Amino acid sequence: MNLQTMTLQELRTALDAKQISALDVTNSYLAQIEETNPTLNSFITVTAEHARARAAHAQKEIDAGNSGPFTGIPYVAKDLFATRGILTTAASDVLAEYIPPYNATVIEDLVDAPMLGKANMDEYAMGTTGEYSAFGPTKNPYDLARVSGGSSSGSAASVASGQTPWSLGTDTGGSIRLPAGFTHTVGFKPTYGTYSRYGAIAMASSLDTVGTFTRTVEDAAYLLEHLAHRDPLDTTSRETVNQQGLTERVRQADIRGMKFGVPREFMELEGMQPAVKEAFMHAIEKITAAGGEIVEISLPHAEYAINAYYILAPSEVSSNMARYDGLQFGSRALGNSIDEVMMNARAKFGAEVQRRILIGTYTLSGEFDESLYHIASKVRTLIINDFAAAMTQVDAIICPSSPSIPFALGENANDPLAMWLLDIFTVPMNLAGVPAVTIPGPLAHGLPAGIQCIGAYGRDEQTLVAAAAMEKVLMSTSPVLAV
Amino acid sequence: MNISAEEIKKLASLAKLHLEESAIPKLTVDLNNIFHHIEVLKTLDLGEVPETNAIHHQSTVLRADESSMTFAKEDMLPTMPRTDEAGNLIVNAVFQDSDETTHAV
């Protein structure tokens, strides 16, 4: 039994059949973390004792016949989920000492699952590579000279490297789907509001989406079936429908007769690397050969998605970050005036966070250019309409999860705009709120290259069914781990 | 439009951010690149397109307006910058110059 490659459901079966104890499972993952984390830097905090105590408790529940879907199954949470009594930093010096007195809803729902630790990330989830962490970058488990993608860098790398069977992340502009593509994992961003945002430290509230990293699409479905619910503590959380039996329906996915749309605008993108396009075309061949149908579709306003996103997201960022005043929120600073206290406290924000706050201040200020926010909000409507129209023609839309193979560490460090443009395949889905999942595709230059499967708003099940059908057909060979 | 170094300083002061003087030239270049990129949207004819500020779905979740959530003192203390042995929050004195002078509340 190789725990490092087992799926969530295999672990459930083995635990319930008493083939293995919950403590053994947790210890095995903790040992893998101890061995590989010094190299990967996928964790900000490892919570070994906490995890062992939860595992011991879980075993008692299993022995008493009280096991739930997640009892005794370890997981990892991105370090922006509030965890009671456990350091929660959002990878920022501003929160370097923050110990929340409460749990995020998703953490509370997993109370009998041992949490192995808090995963590294870009500061406040702002970044595409994982390099904007106050705790250093996360390395790619397949090539240590490359990034694992961001912002949920540690959540992705920990699943890829067998440090955990699954992890929690967040996706505001691609922060789950891009790193999943860079690490040969399944990264699922459900419809906006599917998992509660309560206790997830906010970046851009109308876009922030909680989601999961797993080894298989079926595991993503298992999590959706058992973990998603409407939360009275999050006014934007949605009622999820028809979840029972979802995992089974995803398991039976069959690609024959399914229609996949490929957006013309994405395939014509100049910035797409040839290796990525080649890997994607290879995937298309396999889908067609297995009986899936490929049709060209159009998302006419997708080319403006980055422009709109980088107006709307920073606008919301500047509002959300305003709370870090060094008094009520954020690490305490001293000063001779209220302005000085705030300035000193906020000096701890990293360069990317400061940049986005400045842009948001510009786009929300009457003195500067407030009109941009309104224009971008209109473009957002057009993008929503584009997806809705396209989804009337197909079962799912597919495209690469990034126009680039995993970057070398430091490759884009000096050009923030170039970095932002790399989000072109992921931000439109956040603007539209639609579900999208990255699955491992054929490799590009021997490195992971994700394929994204996008569904209609609120149709998470159909999205996962289409992704599972593709997953069966692609059967993508994993690259060799470097740890 | 082009934004000047002076305007960036104004933005920073509105955002309560202290920028190092040495960081401003590069920031000016980066922000201008970004603004030129996003301003492309101004060329679109958007007419009567309605704005989307939030993804709309079911009705808002409402709860009764009652105070219900409370926190135990021992849970809240670790979130405080400084506390004394008795579990009191230590704050800086308001009317004295020295940072050393503190009061427990």
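What counts and what doesn't
- Numbering of residues begins from 1 in every chain and follows the order in which that chain's sequence is written.
- Chains carry letters from A onward and ligands carry numbers from 1 onward, assigned in written order.
- Local features in a predicted model are, by the rule used here, given only for residues with pLDDT of at least 70; side-chain atom pairs are given and counted only at 80 or more, and totals for whole chains, interfaces and linings are based on all residues.
- The side-chain values count all of the structure's non-hydrogen atoms but skip hydrogen atoms and water molecules.
- The distinction between a cavity and a pocket rests on a 1 Å grid over the protein atoms alone: a 1.4 Å probe fits inside a cavity but cannot get out, while a pocket stays open yet meets protein on both sides within 12 Å along at least five of seven lines, and a residue with an atom within 4 Å of a point counts as lining.
- Grid points are joined across faces, edges and corners, and a volume is the space filled by probe spheres set on the points.
- Residue polarity follows a fixed list, in which Ala, Val, Leu, Ile, Met, Phe, Trp, Tyr, Cys and Pro are nonpolar, Asp, Glu, Lys and Arg are charged, and the others, Gly among them, are polar.
- The way it works is that DSSP assigns letters per residue, a run of H or I at least four long becomes a helix, a run of E at least two long becomes a strand, and they are numbered from the N terminus.
- The contact criterion used is simple: two residues touch if any of their non-hydrogen atoms lie within 4.5 Å.
- Any Lys or Arg side-chain nitrogen found within 4 Å of a carboxyl oxygen on Asp or Glu counts as a salt bridge.
- In the analysis that follows, any N or O atom pair within 3.5 Å is treated as a polar contact, provided that within protein one partner can donate a hydrogen and the other can accept it, and provided that, for residues neighboring in sequence, both atoms belong to side chains.
- Pairing of aromatic rings covers Phe, Tyr and Trp, the last counted by its six-membered ring, and requires centre-to-centre distances within 6.5 Å; plane angles under 30 degrees mean stacked, over 60 mean edge-to-face, and any other angle means tilted.
- Three exposure classes are used, based on accessible area relative to the maximum for each residue type with a 1.4 Å probe and protein chains only: buried under 20%, partly exposed in between, and exposed over 50%.

**Focus on the layout of surface pockets**
Residues and elements named next belong to chain A. Taken as a whole, the largest pocket encloses approximately 1100 Å³ of empty space. The wall of the largest pocket is formed by 36 residues, among which Leu95, Tyr98, Gln328, Phe329 and Gly330 lie closest to the centre. Grouping the constituent residues of the lining of the largest pocket by class yields 21 nonpolar, eight polar and seven charged.

**Topic: the environment of Phe425 of chain A**
Tracing the chain through its elements places Phe425 of chain A in the loop between helix 15 (416-421) and helix 16 (427-432). C-alpha of Phe425 of chain A to C-alpha of Ala305 of chain A: the two residues are 120 residues apart in sequence and 9.3 Å apart in space.

**What to know about the interface of chain B and chain A**
Contacts between the two partners involve 51 residues from chain B and, on the opposite side, 63 residues from chain A. Where chain B meets chain A, there are four salt bridges. The salt bridge involving Lys10 of chain B is made with Glu367 of chain A; its shortest N-O contact spans 2.6 Å. Put simply, chain B and chain A have 15 residue pairs in polar contact (both at pLDDT 80 or more) between them. Going through the elements one at a time, helix 1 (5-14), helix 2 (24-38) and helix 3 (73-76) of chain B are the ones with two or more residues in the side of chain B that touches chain A. No other element matches the nine residues that helix 2 of chain B contributes to the side of chain B that touches chain A. Class assignment for the residues of the side of chain B that touches chain A results in 27 nonpolar, 14 polar and 10 charged.

**Examining the packing of aromatic side chains**
Each aromatic ring pair is characterised by the separation of its centres together with the angle its planes make. Residue and element names in this part refer to chain A. Under the criterion given, the structure shown has 15 aromatic pairs over all chains. Ring centres 4.9 Å apart and planes at 50 degrees place the aromatic pair Phe266 and Phe425 in the tilted group. One end of the pair, Phe266, is in helix 9 (residues 264-267); the other, Phe425, is in the loop between helix 15 and helix 16, with 159 residues separating them in the sequence. Using a relative accessible area of 2% as the deciding quantity, one classes Phe266 as buried. The interplanar angle of 90 degrees and the centroid separation of 6.1 Å between the aromatic rings of Tyr324 and Phe349 together place this pair among those described as edge-to-face.

**Comments concerning empty space enclosed by the protein**
Residues and elements named next belong to chain A. According to the stated counting rule, one finds four cavities of 30 Å³ or more in the structure shown. The space that makes up the largest cavity amounts to roughly 90 Å³. As for the largest cavity, its lining consists of 17 residues, and the residues nearest its centre are Gly127, Thr128, Gly173, Ser175 and Asp423. A per-class count over the lining of the largest cavity returns six nonpolar, nine polar and two charged. The computed volume of the second largest cavity comes to approximately 60 Å³. In terms of lining, the second largest cavity is formed by Gly181, Phe182, Val276, Ser401, Ser402, Ser404, Ile405, Pro448, Ala449 and Gly450. Taken together, the residues of the lining of the second largest cavity sort by class into five nonpolar, five polar and no charged.

**Considering the environment of Ser161 of chain A**
All names here are of chain A. Tracing the backbone through its elements, the reader meets Ser161 in the loop between helix 5 (153-160) and strand 6 (167-171). The class of Ser161 is buried, set by a relative accessible area of 1%. Between the C-alpha atom of Ser161 and that of Ala482, which follows or precedes it by 321 residues, the distance is 8.9 Å. The residues touching Ser161, leaving out its near neighbours within four places in the chain, are Gln32, Leu40, Pro141, Leu481 and Val483.

Everything listed here is a matter of coordinates, which is why it stays silent on function.
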